[in-house]
Amino acid sequence: KAGVTQTPRYLIKTRGQQVTLSCSPISGHRSVSWYQQTPGQGLQFLFEYFSETQRNKGNFPGRFSGRQFSNSRSEMNVSTLELGDSALYLCASSAREGTNYGYTFGSGTRLTVV
Amino acid sequence: GDSVTQMEGPVTLSEEAFLTINCTYTATGYPSLFWYVQYPGEGLQLLLKATKADDKGSNKGFEATYRKETTSFHLEKGSVQVSDSAVYFCALRSSGNTPLVFGKGTRLSVIA
């Protein structure tokens, strides 16, 4: 069974540009969550989608957005990139709702803003 | 709001030493508790979980017991190996409609 696939693995962008990251969840998983990981702030929740609807959103500016498609694949977009957006962006999928179900994470996309 | 506090690292141990990584939490209701591990250059992997008080999660020699009275979920392993070197994250989820909340992570280095 394929795991959570994130593309690309590495990305270098210039300040002011925009970027789109992609996540394909495990087949049959309908929930997709995104996290930003930095050395200083640790893992911070960005947003969660379930069946194409955004269910939760973290405390990030409006430059960060996402969406989920009917096949459960998800994308997140960051516009007007800042140096502080450099981070590892992790996507995770879950089979069902409910607290019992942990997330399965992808390997992440390492974004560097120069 | 929900939060998780982990002991700060890094933790450095010799091979075959006993490991404890402390984790305490604050949450509404009765959360499920998780430990994740992150090896260099990789995403997070679920190590173990416990979904109700007094449950013990275990995997690969690691154990953690859900202690509601002390709001704790400490990770233990009796004999660590070099291959256990990684960053360990404690996490909780308090309802099906809330996201997973993580602690800051504890870096473990095991030396031969």
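Residues numbered from 1 in each chain as written. Chains lettered and ligands numbered in written order. Predicted model: local features only at pLDDT ≥ 70, side-chain atom pairs only at ≥ 80, totals over all residues. Heavy atoms only, no water.

J.: So what exactly am I meant to see when it comes to the overall build of chain A here?
T.: Within chain A, the regular secondary structure consists of 0 helices and 11 strands. Helices and strands in chain A line up, N terminus first, as β-β-β-β-β-β-β-β-β-β-β. Computed over its C-alpha atoms, the radius of gyration of chain A comes to 13 Å, within 12% of the 13 Å expected for a compact globule of 114 residues. Across its three principal directions, the C-alpha atoms of chain A cover 40 × 25 × 25 Å. Relative to its 114 residues, chain A shows a buried fraction of 51%. A fraction of 54% describes how many contacts in chain A between residues 6 or more apart in sequence connect residues 24 or more apart. On chain A, the mean spot of the 12 positive side-chain charges and the mean spot of the 6 negative ones are 5 Å from each other. (Helix = DSSP H or I, 4+ residues; strand = E, 2+ residues; numbered from the N terminus. Rg over C-alpha atoms; globule rule 2.2 N^0.38 Å. Buried < 20%, exposed > 50% of the residue type's maximum accessible area, 1.4 Å probe, protein only. Contact = heavy atoms within 4.5 Å. Lys, Arg positive; Asp, Glu negative; His and termini not counted. Charge placed at Lys NZ, Arg CZ, Asp CG, Glu CD.)

J.: What exactly am I supposed to notice about the nonpolar core here?
T.: Across soluble globular proteins, nonpolar side chains show a tendency to be buried alongside one another. Within the largest apolar cluster, 26 residues are counted, with the highest numbers of intra-cluster contacts made by Trp35(B), Leu48(B), Phe73(B), Leu75(B) and Tyr88(B). At the level of secondary structure, the elements contributing two or more residues to this core comprise β2 (11-14), β3 (19-21), β4 (23-26), β5 (32-38), β6 (44-50), β8 (62-65), β10 (86-93) and β12 (106-111) of chain B. With 4 residues, the single largest contributor to this core is β10(B). Aside from chain neighbours lying at most four places away, what touches Tyr88(B) is Gln6(B), Ile21(B), Trp35(B), Tyr36(B), Val37(B), Leu47(B), Phe62(B), Leu75(B), Gly105(B), Thr106(B) and Leu108(B). One finds Val4(A), Ile26(A), Phe60(A) and Val78(A) within the second-largest nonpolar core, a separate group that totals 21 residues. (Core = buried A, V, L, I, M, F, W, Y, C linked by side-chain atoms within 4.5 Å.)

J.: Just checking my understanding: could you explain the layout of surface pockets for this structure?
T.: Rolled over the atoms, a probe as big as a water molecule pinpoints where empty space is left. Volume-wise, the largest pocket comes out at about 540 Å³. Lining the largest pocket are 22 residues; nearest its centre among them are Gln37(A), Gln38(B), Val87(B), Phe89(B) and Arg107(B). Of all elements in the fold, only β4 (31-38) of chain A together with β10 and β12 of chain B reach the threshold of two or more residues within the lining of the largest pocket. In terms of residues, the lining of the largest pocket owes the most to one element, β10(B), which gives 3 residues. Partitioning the lining of the largest pocket into residue classes produces 8 nonpolar, 9 polar and 5 charged. Computed from the structure, the second largest pocket encloses a volume of approximately 180 Å³. At the level of secondary structure, the elements contributing two or more residues to the lining of the second largest pocket comprise β5 (42-50) of chain A together with β1 (3-6) and β11 (101-102) of chain B. Sorting elements by how many residues they give to the lining of the second largest pocket places β5(A) first, with 3 residues. Broken down by class, the residue content of the lining of the second largest pocket amounts to 8 nonpolar, 4 polar and 1 charged. (1 Å grid on protein atoms, 1.4 Å probe; cavity = no way out; pocket = protein on both sides within 12 Å on 5 of 7 lines; lining within 4 Å. Points joined across faces, edges and corners; volume = space filled by probe spheres on them. Nonpolar A, V, L, I, M, F, W, Y, C, P; charged D, E, K, R; others polar.)

J.: It is not clear to me how the pattern of salt bridges should be interpreted in this structure. Could you clarify?
T.: Note that side chains of opposite charge can pair when their charged atoms are close. Following the criterion strictly, the structure yields 9 salt bridges over all chains and no others. Put simply, Arg55(A) and Glu48(A) hold a salt bridge, and the shortest N to O gap is 2.7 Å. Here Arg55(A) falls in the partly exposed class, since its relative accessible area comes to 22%. Across the pair Glu82(A) and Arg63(A) runs a salt bridge, and its minimum N-O distance is 3.6 Å. Taken together, the residues span a long stretch of sequence, with Glu82(A) in the loop between β8 (74-78) and β9 (87-94) and Arg63(A) in the loop between β6 (53-57) and β7 (64-68) at a distance of 19 residues. The structure contains a network of salt bridges with shared partners spanning Glu48(A), Arg55(A) and Arg93(B). (Salt bridge = Lys/Arg side-chain N within 4 Å of Asp/Glu carboxyl O.)

J.: Honestly, the sheet that holds β8(B) in this entry has me stumped. Any pointers?
T.: Sheets are built from strands paired through backbone hydrogen bonds, the pairs being either parallel or antiparallel. Residue and element names in this part refer to chain B. With antiparallel pairing, the 4 strands of this open sheet are ordered in space as β3-β9-β8-β7. Of all the strands in the sheet, the pair left with one neighbour each is β3 and β7 (56-59). Averaged over all pairs of adjacent strands, the angle between their axes in this sheet comes to 15 degrees, without regard to strand direction. One ladder, built from 4 bridges, connects β7 with β8; its direction is antiparallel. Bridge assignment links glycine 57 to a residue of β8, and that residue is alanine 64. (Pairing = 2+ DSSP bridges. Axes fitted to C-alpha atoms, helices over the stretch in contact; angles between N-to-C directions.)

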